[in-house]
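Here are the chains, one letter per residue:
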Amino acid sequence: MYKDYFPYFKNSNIVYLDNAATTQKPQVVIDEIVNYYSSYCSNTHRSNHGNANKATQNYEHTREVLKKFINAKEKHEIIFTKGVTESINFIVNSYAKNRFKKVIISSLEHHSNIVPWQIANIDFEVVKCNENLDFDYEDFENILKENPNALVSITHISNAFGKIHGIKRITNLAHKYGAKVLVDGAQSLTHKKTDVQDLDIDFLAISSHKTFGPTGVGAIYIKENLLNDILPYQTGGATINDVTYERSILLDSPFKFEAGTQNIAGVIGFGKAIEFIEELGYENIEKKEIEIYTYLYEELSKIDDIIFYSDIKNSIGSLSFNIKNIMAEDVGILVDKMSIALRCGHHCAQPIMKSLGIEGTIRVSIAFYNEKEDIDKLIIALKKAITMLKD
Ligand code: PMP
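Since the structure is predicted, the reported quantities are computational estimates derived from the model, not experimental observations.

Basis of the calculations
- Residues numbered from 1 in each chain as written.
- Predicted model: local features only at pLDDT ≥ 70, side-chain atom pairs only at ≥ 80, totals over all residues.
- Heavy atoms only, no water.
- Near = heavy atom within 4 Å.
- Polar contact = N/O pair within 3.5 Å; in protein donor to acceptor, adjacent residues only side chain to side chain.
- Areas by Shrake-Rupley, 256 points an atom, 1.4 Å probe, with all protein chains shown as cover.
- Nonpolar A, V, L, I, M, F, W, Y, C, P; charged D, E, K, R; others polar.
- Pairing = 2+ DSSP bridges.
- Helix = DSSP H or I, 4+ residues; strand = E, 2+ residues; numbered from the N terminus.
- Axes fitted to C-alpha atoms, helices over the stretch in contact; angles between N-to-C directions.
- Contact = heavy atoms within 4.5 Å.
- pLDDT = per-residue confidence, 0-100.

J.: Help me understand the site of the ligand, please; the structure alone is not making it clear to me.
T.: By nearness alone, 13 residues border the ligand, and Thr85, Asp184, Gln187, His209 and Lys210 come closest of all. Note that a nitrogen atom of the ligand is positioned 3.2 Å from one of the side-chain N or O atoms of His110. Side-chain polar atom of Lys210 to a nitrogen atom of the ligand: 2.6 Å apart, as the coordinates give it. The protein chains hide 88% of the 400 Å² of surface that the ligand would expose on its own. Taken together, the residues of the shell around the ligand break down into two nonpolar, nine polar and two charged.

Given below as structure tokens:
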């Protein structure tokens, strides 16, 4: 059982189906973090003593591991951040703000890929999706034609509905019209191999905590030829080569972008999480997830009055639904009492909820460690909750 790698499942009897919010952490990741704090805790890239050098080496090891993981060309294309939200804010403020008037997004975006653009006064063109929530490539191309050299910012996998966007097709089209593409990878690295060169991605926003690593860490991949166009939106210690009162000379990427003491333990733990995924292999992860996801859909389909918003073609991870005449939140409260962890609400994706004419959904989100038994327990709890709410 894959659950054996994760102490959470030994210490808790909760059926954990809220993986799109955050994933559980394997013991090897927890050990790596404890080891940093308990045996060589030091700052990186500053002091020169043994433990400081070890901390720097292990921190930089994660950069190397992440570079290979996403098949980036160079280590300096990877900059550590707090997570996807900070990575998108970084691109908005360091690159896009005075360069683009409009950003092209999909209709399934998370608020983290909406609000930062609005605050920077950048308008949207929103690509339509069909009644199955699939991306409309024709509409996309028309928008690109009308907005050449635009910026496209798009989620790889929707956190609310699990829909997978065809990133290769999107970057091909975008580049044909001179656009650049930022991919929100928050929900994808958990489930899928993401090769930035093969997919020809310009910017990839990465989150550790959705990928079996610690919270408060992530990264932004920036294609090398764009690095010179990026200005740091925060500077300070560890970003400079030389400072006088007259001027500061900044270091090269990635150091000029990583101002102040970083989340060292988090970055080191994230490296371990990536190594953990590599050892398991995405083939195994995907095989198991497809099995559980399909089973989930089939079992849910048997529930009377269930409303889905799409089929499960081109989808993975999250599955959203409602029960006719029942509030999603009420279901969430009741199943929580039966030890089922899932999320009910708008999932930080209010615009698509509004387009569908709903307040929110009941969202079940799986990871490779979930078993059919978890789904069986969920179904029992859901049926009980529905009976109570209908009475
Ligand atoms: N985008 C998507 C699609 C997400 O699911 C999330 C997390 N819910 C985010 C962005 C924000 O990621 P982070 O927590 O790493 O800032």
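J.: I keep staring at the sheet that holds strand β12 (residues 318-323) and nothing clicks. Help me out?
T.: Taking strand neighbours across the sheet as the criterion, the four strands line up as β11-β12-β15-β14 in an open arrangement whose pairing is antiparallel. Looking along the sheet, the strands with just one partner apiece sit at the ends: β11 (306-308) and β14 (343-345). Going from strand to strand, the sheet's axes swing by 35 degrees on average, the running direction of each strand aside. Here helix α9 (residues 282-301) sits on the sheet in contact with β11, β12 and β15 (361-365), set at roughly 5 degrees to β12. Along the sheet, helix α10 (residues 328-337) contacts β12, β14 and β15; its crossing angle with β14, the most-contacted strand, is approximately 155 degrees.

J.: What exactly am I supposed to notice about the confidence of the model for the chain here?
T.: Note that predicted coordinates carrying low pLDDT should not be read in detail. This prediction gives the chain a mean pLDDT of 97; 100% of its residues lie at or above 70. We note a pTM of 0.97 for the whole complex and an ipTM of 0.99 for its interfaces.

J.: Where do I start with the sheet that holds strand β7 (residues 203-207) in this structure?
T.: Reading across the sheet, the seven strands line up as β2-β8-β7-β6-β5-β3-β4 and stay open at both edges, with mixed pairing between neighbours. Only two strands of the sheet have a single partner each, and these edge strands are β2 (78-81) and β4 (123-127). Strand-to-strand twist across the sheet, computed as the mean angle between neighbouring axes with direction ignored, equals 20 degrees. Bridge count between β2 and strand β8 (residues 218-222): four bridges; the pairing is antiparallel. Pairing of Ile78 across the sheet is with Tyr221, part of β8. Contacts between helix α4 (residues 84-96) and the sheet are confined to β2, β5 (151-155), β6 (180-184), β7 and β8, with β7 contributing the most and set at about 150 degrees to the helix.

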